[in-house]
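# Structural overview
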Amino acid sequence: MGLTAGIVGLPNVGKSTLFNAITKAGAESANYPFCTIDPNVGVVEVPDHRLNKLTELVQPKKTVPTTFEFTDIAGIVKGASKGEGLGNKFLSHIRQVDAICHVVRCFADSDITHVAGKVDPIADIETINLELILADLETVDKRIGRVEKMAKSKDKNAMAEYEVLVKLKETFEANKPARTIEFTDEQMKIVKGLHLLTIKPVLYVANVGEEDVADPSANPFVQQVREFAQQDNAEVIVVCAKIEAEIAELDDEEKAMFLQELGIEESGLDQLIRAAYNLLGLATYFTAGVQEVRAWTFRKGMKAPECAGIIHSDFERGFIRAETVSYDDLVSAGSMAAAREAGKVRLEGKDYEVQDGDIIHFRFNV
Ligand code: GDP
């Protein structure tokens, strides 16, 4: 799908540790021979219990999960918007990702230096957010300089844009990100054209110590991050990056045992993958045949031909129809043949909006 979430955070909060876990847990490359091998990109499989169930039902030769990409965005420090640290380069990397996973340190380990001298997740979040807001403010100020005159001379488009720009400027000056503003669809088009950093959806990743994994709510820093995120309309995922790096070395069976020992149901990384996937409005459909059961990522709202095109452009070009059954219907019928008999397999045309969990057989002719 080409959508990616960037991992950001202050130095020493556990970004590299988390990114290592991601690359180690990485998708089996045999399945994805054409994936780019950018060292800053980690490709992970999207965990999905439905795929296991479908494999049980269909008994295919091969099962292929869908994948998701994380991008590691190296160090930001105070003053990035002024070009300090990796400064501008850092900001331009954020510009290229579709969502932000903001890692904050919630573990108190006195051996590990904190850049600001003490563990204070909210101050950390605000440090980075402020740099992004300042960079956006600069963008908006420049643009205001260009359209103000035209707006004053009653040019309609310029007036609409000017209104949006002023609203953004006020928001930034109040220290708030652009994503907290509600825009109309028309206004959103203008906003998109500005390529702002603070419009991107955000997920806070609270990195806790090993001792907090089983009961993260007992960690007061996690509570603070949760409260902050609520105002920011963002989700919080708790991980222990150090443990995730260990889990990433294990096979599925060992992993299940280790998680049980830790007293958690799902690894933090799996939760993070799922949350980032949702944050980007992504969903999954399946193809299920004896050769291969496979999960495919699409963007919610996509129609059947476009979804067919994800498999191969010929499927889209020669699209005839999509034979579709929902996951629940297939599972309760017990087999594809039984689902067909029960009339649960629908013939969908080119206007069908594909739903998360659909199992589809595309008919096409080129
Ligand atoms: P980065 O600068 O944000 O990439 O941070 P690193 O991933 O290099 O981590 C900084 C230090 O914190 C390293 O010594 C890590 O081993 C340590 N660290 C990272 N995550 C955890 C954690 O969950 N618990 C503890 N105790 N240490 C951690």
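### Examining the nonpolar core
One broad rule of soluble globular proteins: the nonpolar side chains tend to lie buried together. Grouped together as the largest cluster of nonpolar side chains are 63 residues, with contacts concentrated most on Leu18, Phe68, Phe70, Tyr204 and Leu272. Tallying contributions element by element places helix α10 (residues 268-279) first for this core, with 6 residues.

### Some remarks on the side chain of Thr66
Its location among the elements puts Thr66 in the loop between β3 (62-64) and β4 (67-72). A polar atom in the side chain of Thr66 sits 2.6 Å from the side chain of Thr297. In this structure Thr66 touches Val44, Glu45, Val46, Tyr277, Thr284, Ala295, Trp296 and Thr297, once residues within four positions along its chain are discounted.

### What to know about helix α7 (residues 220-231)
Between the first and last C-alpha of α7 there are 17 Å, a value that for 12 residues agrees with the 16 Å anticipated at 1.5 Å per step. On its buried face, α7 sits against β5 (99-105), α4 (121-152), β6 (202-207) and β7 (235-239). Its side-chain oxygen 2.7 Å from the backbone nitrogen of Phe221, Asn219 forms the N-cap of α7.

### Some details on the environment of Leu272
The residue Leu272 is located in helix α10 in this model. For Leu272, a relative accessible area of 0% gives the class buried. The spacing of Leu272 and Cys101 is 171 residues in sequence and 8.8 Å in space, taken between C-alpha atoms.

### Topic: the site of the ligand
Residues in close proximity to the ligand total 17 residues, the closest being Asn12, Lys15, Ser16, Thr17 and Val208. Between the ligand and Asn12, the relevant distance is 2.7 Å, taken from an oxygen atom to a main-chain nitrogen or oxygen of the residue. Between the ligand and Thr17 there is a distance of 2.6 Å, counted from an oxygen atom to a side-chain nitrogen or oxygen. Coverage of the ligand by the protein chains reaches 80% of its 580 Å² of free accessible surface. Elements supplying a minimum of two residues to the shell around the ligand: α1 (15-24) and α8 (241-247). Top contributing element to the shell around the ligand by residue count: α1, with 3 residues. Each residue belonging to the shell around the ligand can be placed in one class, and the counts come to 8 nonpolar, 5 polar and 4 charged.

### Topic: the pairing of β7
Of all 5 residues that make up β7, 4 are buried, and the element is covered over most of its length. As paired strands, β6 and β7 are joined by 5 bridges and run parallel to one another. Residue pairing in the sheet places Val205 in a bridge with Ile237 of β7. The β-α-β motif built from β6, the intervening α7 and the parallel element β7 has right-handed crossover chirality.

### Some details on the packing of aromatic side chains
Under the criterion given, the structure shown has 7 aromatic pairs. Judged by centre distance (5.1 Å) and plane angle (75°), the ring pair of Phe68 and Phe70 falls under edge-to-face. The burial state of Phe68 is the same as that of Phe70; both residues are buried. Centroid distance Tyr204 to Phe228: 6.0 Å. Interplanar angle 80°. Geometry classified as edge-to-face. With Tyr204 in strand β6 and Phe228 in helix α7, this pair connects stretches of sequence that are 24 residues apart. For Tyr204, a relative accessible area of 0% corresponds to the buried category. Given a relative accessible area of 15%, Phe228 falls into the buried group. In this structure an aromatic cluster arises from ring pairing among Tyr285, Phe298, Phe319 and Phe362.

### Some points on the environment of Glu173
Examined against the element boundaries, Glu173 turns out to sit in helix α5 (residues 156-173). Considering only alpha carbons, one finds Glu173 and Glu265, 92 residues apart in sequence, at a separation of 42 Å.

What counts as what
Residues numbered from 1 in each chain as written. Predicted model: local features only at pLDDT ≥ 70, side-chain atom pairs only at ≥ 80, totals over all residues. Heavy atoms only, no water. Core = buried A, V, L, I, M, F, W, Y, C linked by side-chain atoms within 4.5 Å. Buried < 20%, exposed > 50% of the residue type's maximum accessible area, 1.4 Å probe, protein only. Helix = DSSP H or I, 4+ residues; strand = E, 2+ residues; numbered from the N terminus. Polar contact = N/O pair within 3.5 Å; in protein donor to acceptor, adjacent residues only side chain to side chain. Contact = heavy atoms within 4.5 Å. Expected span 1.5 Å × (residues − 1). Near = heavy atom within 4 Å. Areas by Shrake-Rupley, 256 points an atom, 1.4 Å probe, with all protein chains shown as cover. Nonpolar A, V, L, I, M, F, W, Y, C, P; charged D, E, K, R; others polar. Pairing = 2+ DSSP bridges. Right-handed = clockwise from strand over helix to strand, strands pointing away. Phe/Tyr/Trp six-rings, centres within 6.5 Å; stacked < 30°, edge-to-face > 60°.

Everything listed here is a matter of geometry and, on its own, says nothing about what the molecule does.
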